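Chain by chain, the residues run as shown.
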Amino acid sequence: MIHSLSDKILNTTNATVSINEPMKKHTTYGIGGPAELFVLPSNKEDLIEVVKLSKEHKEVVTIIGSGSNLLISDEGIKGVVVSIKHCLREINIDTDEIYVECGIMLGKIVKESMKHDLKGLENLIGVPGTLGGALMMNAGAWGGEISENLQTVELLDEKNEIQLISKSDIDFAYRSSSFNKNTILLSATFKLKKSPKEIIQDNFELAKSGRKSTQPLNYRSAGSVFKNPSSKHSAGMLIDQSGLKGLKRGDAQISNKHANFFVNNGNAKADDMMKLIKEAKHTVKEKFDIELELEVKLLGFSAEEINAL
Ligand SMILES: Cc1cc2nc3c(=O)[nH]c(=O)nc-3n(C[C@H](O)[C@H](O)[C@H](O)COP(=O)(O)OP(=O)(O)OC[C@H]3O[C@@H](n4cnc5c(N)ncnc54)[C@H](O)[C@@H]3O)c2cc1C
């Protein structure tokens, strides 16, 4: 089935396809087993066609951006994994409004908006994801969230139809959004504020240096593993106070610099990361009676593996 779908995609689109593609090549953790079929569409029309063909072949479709918030199982992912990072690459700025397609990296959006003296996205510098991933996650940093200046989102719904929805139709909360998990985010518009260059630059520098001084940026990670349970308790502080900084399982380690960052020291397996996640969750629950919730998204794991955490 996968081979005939692969042939059909190759015959009808310009997408790149690969069977049993190691997902460790597509995650910032550098972890993840094979995707049965991995597809990189090169434009929006191809993306829509790939999704349509996959559904006709009754294959489950998983959409990923730059893989910076993903822990993918060592067993890999069944069905079709579509990465949008090579398509949806348009960005247009008109006065104080930005139209951006969802395959563009946040860093580029921040820099483009700064060139036009537009304030509102600069705090997100250093969040290493695509716009699509950022909207799904409601990515945020240094007091700013991607949803703040959002106006509209264009998406492909479950029926493979394009919808334009306004921000008021979406619920955003801390690191979460109400988008149906089967929708594919295509583009978004933002309205920003014209501001003096120096103010934007100061915010940018603050976010950049804050990140550098607190996060283990020389190691492979997926950023924060857990959400902060409240404004009073950060997940990093709770894990640190549980005495778990530096804990290793295989090549996976709880960072000595930031206890909510778990790093891959070289050849870590998803299984090693899952062991650390389980130990951190259980120890924090035991010590503080606080239930940590994952921020990192798990892909390719069985319900039993997830329930065992
Ligand atoms: C060093 C480091 C620092 C980080 N710092 C921060 C931080 O400060 N703040 C923060 O919020 N995050 C942070 N992150 C996490 C991560 O960068 C963000 O969550 C980012 O927004 C994920 O984007 P992505 O494109 O990599 O998405 P992926 O990791 O590829 O996917 C994330 C989720 O979005 C879905 N998805 C992706 N694209 C689409 C699309 N177009 N349509 C539908 N669904 C889609 C995926 O299915 C998945 O569920 C950090 C990560 C690293 C490695």
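To start, this report covers the structure provided alongside it. (Residues numbered from 1 in each chain as written. Predicted model: local features only at pLDDT ≥ 70, side-chain atom pairs only at ≥ 80, totals over all residues. Heavy atoms only, no water.)

## A closer look at the packing of helix α1 (residues 2–12) against helix α2 (residues 44–56)
Where α1 contacts α2, the two axes come as close as 10 Å, and the packing angle between them is 150°. Looking at the two axes, α1 sits roughly antiparallel to α2. For the pair α1 and α2, the crossing hand works out as right-handed. Residues L5, K8, I9 and T12 of α1 pack against E49, V50, L53 and S54 of α2. Partitioning the contact of α1 with α2 into residue classes produces four nonpolar, two polar and two charged. (Axes fitted to C-alpha atoms, helices over the stretch in contact; angles between N-to-C directions. Helix = DSSP H or I, 4+ residues; strand = E, 2+ residues; numbered from the N terminus. Parallel < 35°, antiparallel > 145°, perpendicular 65-115°, else oblique. Left-handed = near helix turned anticlockwise from the far one by under 90°. Contact = heavy atoms within 4.5 Å. Nonpolar A, V, L, I, M, F, W, Y, C, P; charged D, E, K, R; others polar.)

## A look at unusual backbone geometry
The phi dihedral of D117 falls on the positive side, at around 55°, and the residue is not glycine. Relative to the assigned elements, D117 resides in the loop between α3 (106–115) and β8 (118–119).

## With respect to the packing of α3 against helix α5 (residues 197–214)
Closest axis-to-axis distance for the α3/α5 pair is 10 Å, and the angle between their directions is 160°. By the angle class used here, α3 and α5 are roughly antiparallel. The two elements α3 and α5 meet at a crossing, and its hand is left-handed. Seen from α3, the contacting residues are V110, M114 and K115; seen from α5, they are K197, I200, Q201 and F204. Across the contact of α3 with α5, the residue classes break down as four nonpolar, one polar and two charged.

## Looking at the pairing of strand β3 (residues 61–64)
Residues T62 and I64 line the buried face of β3, whereas the alternating positions V61 and I63 sit on a face that is not buried. The pairing of β3 with strand β5 (residues 77–83) spans four bridges and is classified as parallel. If you follow T62 over to β5, its bridge partner there is V81. (Buried < 20%, exposed > 50% of the residue type's maximum accessible area, 1.4 Å probe, protein only. Pairing = 2+ DSSP bridges.)

## Notes on the sheet that holds strand β6 (residues 91–94)
In space, the five strands of this open sheet follow the order β6-β7-β15-β11-β12, with antiparallel pairing throughout. A single partner strand is all that each edge strand has here, and the edge strands are β6 and β12 (162–166). Sheet twist, expressed as the average angle between the axes of neighbouring strands with direction ignored, equals 15°. As judged from the six bridges shared by strand β11 (residues 150–156) and strand β15 (residues 184–191), these two strands associate in the antiparallel manner. What sits directly across from L150, in β15, is F190. Where α2 meets the sheet, its contacts fall on β7 (97–101), β11, β12 and β15, and the angle it forms with β15 comes to roughly 140°. The strands touched by α3 within the sheet are β6 and β7, with β6 carrying the most contacts at an inclination of about 25°.

## Points about α3
Where α3 is concerned, the buried positions are L106, I109, V110, E112, S113 and M114. Summarising the contacts, the buried residues of α3 are in contact with β6, β7, β8, α4 (131–137) and α5. Following α3 by one or two positions, D117 adopts a phi angle in the positive range, close to 55°.

## What about the sheet that holds strand β2 (residues 34–40)?
Spatially, the four strands line up as an open sheet ordered β1-β2-β5-β3, and their pairing is mixed. The sheet is open, and its two edges are formed by β1 (16–22) and β3, each paired on a single side. For this sheet the average axis-to-axis angle between neighbouring strands, irrespective of direction, equals 30°. Sheet analysis places β2 next to β5, joined by four bridges and oriented parallel. Along β5, the bridge assignment pairs A35 with I77.

This is a description of form; function is not addressed.
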